[in-house]
Amino acid sequence: MIRFEGVHKWFGKLHVLNGINLHVRAGEVVVVCGPSGSGKSTLIRTINELEPIDEGKLFVDGTELSDPKMNINRLRAEIGFVFQQFNLYPHLSVLKNITLAPIKIRNTPPKEAGEQATALLERVGLVDKRDAYPSQLSGGQQQRVAIARGLAMKPKIMLFDEPTSALDPEMIGEVLQVMKDLALSGMTMIVVTHEMGFAREVAHRVIFMDNGTILEEAPPEEFFINPRHERAKQFLKQILSPMH
Amino acid sequence: MNYRFDWAIVTSGKYFDWLVSGLYVTIKLSVVSIALSFLVGLVIAMMRMSHVRPVRWFAHGYLEFFRNTPLLVQIFFWYFGSYKILPRVVNDWMVRQDFEFTAAVIALTIYTSAFIAEDIRSGVRSIPKEQMEAARSSGFSYVRSMRYIILPQAVRLTIPPLINQFLNLMKNSSLAMTIGVAELMYQARQVESYTFKGFEAFTAATVVYLGLSFLITGLMTLYDKMVLQPIKGH
Ligand SMILES: Nc1ncnc2c1ncn2[C@@H]1O[C@H](COP(=O)(O)OP(=O)(O)OP(=O)(O)O)[C@@H](O)[C@H]1O
Ligand SMILES: [Mg+2]
């Protein structure tokens with residue numbers, strides 16, 4: 001579904017992605033973790049070309065991103081992206097946030113789009129908020145709407161960039177629950193997160209990034225019990241300590 | 001000093017009617033010009049943000065030129081000079097309309113549109129770049145992201161400065177008297193020269209301008225309460 005082959009990226013002199021090789025199969029749930037600045041966001045943002053890559057090859061859903069015949073807008077429509085800061089459209093109601101892209105891009109009739117949106121809102125437990133504006137929702141609610149917005153396009157892939165790290169602790173659970181349900185439904189997901197409970201429960205693989213490289217790649221049980229690299233050990237100790 | 005005030009002159013009768021007709025022209029001039037200014041301003045703002053350099057430069061020149069020359073000069077320019085630069089058909093059309101009024105609309109529109117374009121541009125720039133990212137991630141092209149996500153927000157933010165421009169425009173429209181547009185100020189002047197009651201006439205005009213201003217300011221407050229607050233969430 002997604003394949004990185006020797007991918008490099010620089011921000012000016014900064015080598016943010018340093019020879020990434022990674023293959024994510026359809027239906028797989030991959031958790032990406034690592035210290036701040038290690039390139040996690042950049043990594044998943046290359047997948048829908050919010051950040052173009054400088055070297056190497058990147059295949060998504062059968063097309064190579066650098067292929068001049070590739071239509072980026074069409075590809076992006078197949079990929080849901082959930083941001084740390086939600087980024088809902090503040091001028092639109094919850095319902096319209098969700099239906100805008102299906103109506104304008106997929107040409108779904110508004111009535112049908114509305115029904116699908118309502119079903120999605122049911123799934124994330126927010127039907128009663130369909131006419132509210134984003135500013136009237138809590139962070140956790142906004143993030144669940146953002147997930148519903150992504151799902152409304154019936155994407156093949158869902159990408160999450162630290163979806164819970166802007167949330168108050170008591171709201172993290174509700175968002176993780178939605179993501180777990182989604183993972184169990186067979187969605188292909190790449191999730192940048194430090195929520196190790198989530199990783200343990202639903203991830204097929206955990207990837208540890210450091211300095212623009214993938215340092216470690218293992219099933220969660222293995223990664224948590226027996227990390228091979230010193231950096232990963234330190235990172236886990238820090239993340240799992242109650243003081244964190 | 002034994003000047004005798006005579007307020008009746010401006011509160012009823014023929015001169016009152018003159019003032020009312022002046023008010024009507026002022027409103028018409030302001031409303032037509034603000035509507036056109038908004039459209040022109042939107043286009044200029046888009047051009048100013050275009051990726052095509054000459055287009056951007058043209059818009060930049062337009063902005064600098066019309067914001068930095070006195071409005072009165074621009075009014076005279078369109079009134080006395082338009083037949084030299086506008087195509088014949090446009091000019092003939094203008095003459096068949098009310099020429100003074102049309103020249104005033106053109107001058108006020110172009111002048112005000114330059115300010116509005118800057119307001120719209122700063123509105124667009126104040127939309128966080130993450131909004132564009134969210135839109136692009138959904139599969140919207142740059143242009144459609146602008147259209148469905150960025151501009152609607154920017155325009156909502158632009159409404160208060162726009163109302164402010166409307167206020168300025170309404171006051172500026174009094175300059176149109178210099179080319180003989182029979183708006184409020186012109187009529188007040190007429191009343192004065194027929195009756196020598198200048199104090200009453202201009203006081204009446206002042207009160208009406210003030211009233212209009214308060215009305216417009218009220219509109220702004222209402223807009224802020226009804227539209228902006230729910231979005232911003234206070
Ligand atoms: N647009 C940019 N221009 C320049 N440098 C950037 C840009 N975006 C990110 N960087 C830098 O690239 C490096 C990797 O950033 P990235 O956001 O991918 O890290 P991250 O692993 O997601 O970190 P965090 O956990 O803090 O989100 C950082 O040093 C960051 O400062
Ligand atoms: Mg990040």
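See the structure shown above.
Residues numbered from 1 in each chain as written. Chains lettered and ligands numbered in written order. Predicted model: local features only at pLDDT ≥ 70, side-chain atom pairs only at ≥ 80, totals over all residues. Heavy atoms only, no water.

A. View of the sheet that holds strand E2 (residues 14–24) of chain A. Residue and element names in this part refer to chain A. The four strands are arranged E2-E1-E4-E5 in an open sheet whose pairing can be described as antiparallel. The open sheet terminates on both sides in strands that have one partner only, identified here as E2 and strand E5 (63–64). Two elements, strand E4 (residues 55–60) and E5, share two bridges in a ladder whose sense is antiparallel. Paired with Phe59 across the strands is Glu64, a residue of E5. In the packing of helix H1 (residues 40–47) onto the sheet, contacts are made with strand E1 (2–11), E2 and E4, and the angle to E1 comes to roughly 120°. (Pairing = 2+ DSSP bridges. Helix = DSSP H or I, 4+ residues; strand = E, 2+ residues; numbered from the N terminus. Contact = heavy atoms within 4.5 Å. Axes fitted to C-alpha atoms, helices over the stretch in contact; angles between N-to-C directions.)

B. Representation of the packing of helix H5 (residues 88–96) of chain B against helix H6 (residues 99–125) of chain B within the structure. All names here are of chain B. Packing of H5 against H6 leaves a shortest axis separation of 6 Å and a crossing angle of 120°. Judged on the interaxial angle alone, H6 and H5 are oblique. Along its contact with H5, which presents Asn91, Trp93, Met94 and Val95, the element H6 presents Phe99, Thr102, Ala103 and Ile106. In the contact of H5 with H6, the residues fall into six nonpolar, two polar and no charged. (Parallel < 35°, antiparallel > 145°, perpendicular 65-115°, else oblique. Nonpolar A, V, L, I, M, F, W, Y, C, P; charged D, E, K, R; others polar.)

C. Region of the structure containing the nonpolar core. Of all hydrophobic cores here, the largest spans 100 residues; its most connected members are Phe4 and Ile47 of chain A. Sort the elements by how many residues they give to this core and H6 of chain B lands first, with 14 residues. Of all hydrophobic cores here, the second largest spans 50 residues; its members include Ile147, Met189, Phe198 and Ala203 of chain A. (Core = buried A, V, L, I, M, F, W, Y, C linked by side-chain atoms within 4.5 Å. Buried < 20%, exposed > 50% of the residue type's maximum accessible area, 1.4 Å probe, protein only.)

D. The sheet that holds strand E8 (residues 188–192) of chain A, seen in detail. All names here are of chain A. Spatially, the six strands line up as an open sheet ordered E6-E7-E8-E3-E9-E10, and their pairing is mixed. Two strands in the sheet have a free side with no partner beyond their single neighbour: strand E6 (79–82) and strand E10 (213–218). When strand polarity is set aside, the average angle formed by the axes of neighbouring strands in this sheet is 15°. Across four bridges, strand E3 (residues 29–33) lies against strand E9 (residues 205–210) in parallel orientation. Across the sheet, Cys33 pairs through a bridge with Phe208, a residue of E9.

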